Amino acid sequence: MGSVVIIGAQWGDEGKGKVVDLLAERAEIVARYQGGNNAGHTLVVGGEKTVLHLIPSGILRTSIRNVIGQGVVVDPRVFLGEIDALEARDALPDLRHQLGLCHRAAVIMPYHVALDKAREARLKGGKIGTTGRGIGPAYEDVAARRAVRVGDLLDPELLGQRLDRVLDEKNALLEWLGVEPFDRAALIAEMTALGERLRPIICDTGAEVRAALEGGKHVLFEGAQGVLLDVLHGTYPFVTSSNTIAGSVATGLGLPAHAVGRVIGIAKAYATRVGAGPFPTELDDAVGQHLRDTGGEYGSTTGRPRRCGWLDLPALRYAHALNGFGALVLTKLDVLTGLDSVEVCVGYRIDGQVLEVLPADEAQLVGAEPVYETLTGWSEDITGVRTFEDLPEAARAYVRYIEDATGVPVEVIGVGPGRSETLIRSDLWG
Ligand code: IMP
């Protein structure tokens with residue numbers, strides 16, 4: 001099997017970084033294909049925690065190429081900040097060898113960040129709760145054919161031409177929103193200086209990944225966010241601005257559709273969401289707080305407390321339908337330890353009717369009352385367990401219930417935050 005894609009099967013923050021880290025051992029390339037620095041994963045480098053938002057998770061293994069494809073929106077200031085942080089810890093010995101950034105990727109410009117923040121601040125109700133990183137405004141410009149792309153940062157004249165197509169409009173909008181406008185010359189100076197620093201790693205990542213796959217190399221595609229945040233298939237409008245499903249690997253890197261390979265869905269043993277939007281199984285009670293505290297459910301990008309609730313099986317089945325998971329990884333099973341009983345959502349009561357599928361109409365989901373099945377909890381510490389058979393019977397029954405409800409085997413189970421606190425039932429590379 002040449003390639004594997006890691007997909008967040010819920011609303012993001014499923015623990016994809018740990019799974020990528022696990023799989024990266026045998027990968028030759030780790031590739032990002034969508035999203036931007038709205039994502040975040042924490043790596044422990046030399047005993048110190050480093051949160052990376054753009055650099056793929058394979059970076060700490062020196063033999064691996066880490067590439068960022070044209071489907072990603074890139075904030076050069078953040079990207080270079082991450083490079084600096086890793087270099088300061090001697091964790092990035094050979095930058096040019098390890099990192100590739102697609103010249104076609106769109107740039108998150110300072111005015112995108114300002115617009116994202118100002119628009120959210122202006123909304124009284126109905127805030128999306130974005131990460132404020134400029135993701136939506138940058139993708140808007142891609143679709144509107146007026147983005148600045150990474151390659152444009154290498155030529156001040158070309159960048160000037162690009163800005164002439166957009167800057168007046170951006171500044172007018174920013175002034176209307178009560179924000180300082182941006183100066184053309186200052187932007188060119190700042191952004192081309194960043195471009196010069198990026199020059200050694202700018203390349204054609206699509207050509208590189210295609211060649212790697214043709215040569216039989218192992219490529220790991222690292223998804224960001226989760227299925228329910230997909231701009232077309234998620235809980236619109238409370239979504240991010242990119243496609244997060246496995247289909248976007250091909251468009252985000254420039255690959256034939258058949259190259260996507262094995263699709264692995266990552267799901268937490270419960271559910272979390274950051275930002276606004278419908279979340280039928282959300283718990284506003286002591287159990288919700290228990291999940292938040294025990295699971296450390298605070299955003300790695302914004303630090304916001306995550307909303308917590310029970311596992312939603314119709315939503316997970318929907319994620320499987322959109323992605324065709326060959327396997328599931330169930331993370332943070334240990335967080336459920338100590339609960340007398342564990343609920344799983346098996347349907348929604350909407351207008352007196354029980355629906356066993358996720359409704360397409362977002363308004364219906366808002367009023368949906370979850371229908372639960374109650375399973376027995378367990379109290380034994382499972383963080384030291386390494387085989388499925390050694391899990392308490394109730395924990396095994398919980399996993400089997402999920403497998404039966406989704407029709408997807410749970411091949412890996414997370415039982416603690418550490419790299420080794422993982423129970424592997426079969427090889428995810430297939
Ligand atoms: P944006 O992607 O910053 O525009 O935010 C849109 C929505 O997606 C908000 O609800 C964010 O909280 C959510 N979101 C974006 N990135 C992530 C992520 O990596 N994990 C979880 N939620 C995210």
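Residues numbered from 1 in each chain as written. Predicted model: local features only at pLDDT ≥ 70, side-chain atom pairs only at ≥ 80, totals over all residues. Heavy atoms only, no water.

Draft legend 1. Focus on the side chain of Thr 192. With respect to the element layout, Thr 192 can be found in helix H7 (residues 184-198). On the basis of relative accessible area, Thr 192 is assigned to the buried category, the value being 12%. Setting aside anything within four residues of it in sequence, one finds Thr 192 in contact with Leu 153, Pro 156 and Leu 159. (Helix = DSSP H or I, 4+ residues; strand = E, 2+ residues; numbered from the N terminus. Buried < 20%, exposed > 50% of the residue type's maximum accessible area, 1.4 Å probe, protein only. Contact = heavy atoms within 4.5 Å.)

Draft legend 2. Summary view of the packing of helix H2 (residues 76-88) against H7. The geometry of H2 relative to H7 is characterised by a closest axis approach of 10 Å and an angle of 40 degrees between their N-to-C directions. In this view, H2 runs oblique relative to H7, as classed from their interaxial angle. Of the two elements, H2 crosses H7, and the hand of that crossing is left-handed. Along the contact surface, H2 presents Pro 76, Arg 77, Phe 79, Leu 80 and Asp 84, while H7 presents Glu 190, Met 191, Leu 194, Arg 197 and Leu 198. For the contact of H2 with H7, the class distribution of residues is six nonpolar, no polar and four charged. (Axes fitted to C-alpha atoms, helices over the stretch in contact; angles between N-to-C directions. Parallel < 35°, antiparallel > 145°, perpendicular 65-115°, else oblique. Left-handed = near helix turned anticlockwise from the far one by under 90°. Nonpolar A, V, L, I, M, F, W, Y, C, P; charged D, E, K, R; others polar.)

Draft legend 3. Examining the side chain of Arg 292 more closely. With respect to the secondary-structure elements, Arg 292 resides in helix H10 (residues 286-294). Buried within the structure, Arg 292 lacks any salt-bridge partner; Glu 282 is the closest side chain of opposite charge, at an N-O distance of 5.8 Å. Within the local environment of Arg 292, its side chain forms a polar contact with the backbone oxygen of Arg 306, the two atoms lying 2.8 Å apart. If we ignore the near neighbours within four places in the chain, the residues touching Arg 292 are Glu 297, Tyr 298, Pro 305, Arg 306, Arg 307 and Cys 308. (Lys, Arg positive; Asp, Glu negative; His and termini not counted. Salt bridge = Lys/Arg side-chain N within 4 Å of Asp/Glu carboxyl O. Polar contact = N/O pair within 3.5 Å; in protein donor to acceptor, adjacent residues only side chain to side chain.)

Draft legend 4. Region of the structure containing the site of the ligand. Contacts to the ligand come from 15 residues, most closely from Asp 13, Asn 38, Thr 131, Thr 240 and Arg 304. Here an oxygen atom of the ligand and a side-chain polar atom of Thr 240 are 2.6 Å apart. Take Arg 304: an N or O atom from its side chain is 3.0 Å from an oxygen atom of the ligand. Isolated, the ligand exposes 470 Å² of accessible area, and the fraction of that covered by the protein chains is 96%. Of the residues contributing to the shell around the ligand, the split by class is six nonpolar, seven polar and two charged. (Near = heavy atom within 4 Å. Areas by Shrake-Rupley, 256 points an atom, 1.4 Å probe, with all protein chains shown as cover.)

Draft legend 5. Spotlight on the packing of aromatic side chains. One pass over the structure, following the stated rule, counts three aromatic pairs. Centre to centre, the rings of Tyr 111 and Phe 182 are 6.4 Å apart; their planes meet at 75 degrees, and the pair counts as edge-to-face. Pair noted here: Tyr 111 is in helix H4 (residues 110-122) and Phe 182 is in the loop between helix H6 (156-176) and H7, with a separation of 71 residues, a long-range link. Since its relative accessible area comes to 0%, Tyr 111 is described here as buried. When the ring of Trp 378 is compared with that of Tyr 398, the centres are 6.2 Å apart and the planes differ by 50 degrees; the resulting orientation is tilted. (Phe/Tyr/Trp six-rings, centres within 6.5 Å; stacked < 30°, edge-to-face > 60°.)

Draft legend 6. A look at the environment of Glu 25. Relative to the assigned elements, Glu 25 resides in the loop between helix H1 (16-24) and strand E2 (29-32). It is 7.8 Å that separates the C-alpha atoms of Glu 25 and Arg 61, two residues lying 36 residues apart in sequence.

Draft legend 7. Just the domain arrangement of the protein, in detail. When the domains of the protein are assigned, the result is domain 1 (3-102 + 202-263), domain 2 (106-198) and domain 3 (266-424). In this structure, domain 1 and domain 2 have C-alpha centres spaced 23 Å apart. On the side of domain 2, 23 residues touch domain 1, which itself brings 25 residues to the contact. Summed over both partners, the interface of domain 1 with domain 2 buries about 2000 Å², with 67% contributed by carbon and sulfur atoms. Three residues, Val 73, Arg 77 and Ile 202, lead the burial of domain 1 against domain 2; their summed loss comes to 31% of the area buried on that side. (Domains from an automatic or database assignment. Buried area = accessible area lost by both parts, 1.4 Å probe.)

Draft legend 8. A look at the sheet that holds strand E11 (residues 262-268). Read across the open sheet, the ten strands follow the order E9-E7-E5-E2-E10-E1-E11-E15-E19-E20; overall the sheet is mixed. Each edge of the open sheet carries a strand with a single partner, namely strand E9 (202-203) and strand E20 (422-424). Strand direction decides the pairing type here: strand E15 (residues 327-331) and strand E19 (residues 410-414), joined by three bridges, are parallel. From the neighbouring strand, Leu 328 faces E19, where its bridge partner is Val 410. (Pairing = 2+ DSSP bridges.)

Draft legend 9. Fine view of the packing of H6 against H7. H7 packs onto H6 with a crossing angle of 135 degrees between their chain directions and a minimal axis gap of 10 Å. On the basis of their axis angle, the class for H6 and H7 is oblique. For the pair H6 and H7, the crossing hand works out as right-handed. Judged by residue contacts, Pro 156, Leu 159, Gly 160, Gln 161, Leu 163, Asp 164 and Leu 167 of H6 engage Arg 184, Leu 187, Ile 188, Met 191 and Thr 192 from H7.

Draft legend 10. Local environment of the pattern of salt bridges. As enumerated under the stated definition, the model contains 26 salt bridges in all. Note that Arg 199 and Glu 196 form a salt bridge whose closest N and O atoms lie 2.8 Å from each other. Looking at Glu 196, the relative accessible area reads 41%, which means it is partly exposed. The partner of Arg 349 in a salt bridge is Glu 369, with the nearest N and O atoms 3.5 Å apart. Residue Arg 349 is found in strand E16 (residues 341-350), and its partner Glu 369 is found in strand E18 (residues 369-376); the two are separated by 20 residues along the sequence. Judged by relative accessible area, Arg 349 falls into the partly exposed class, the value being 35%. What makes Glu 369 partly exposed here is its relative accessible area of 44%. Through salt bridges with shared partners, a single network forms among Asp 13, Lys 268, Glu 297, Arg 306 and Lys 332.

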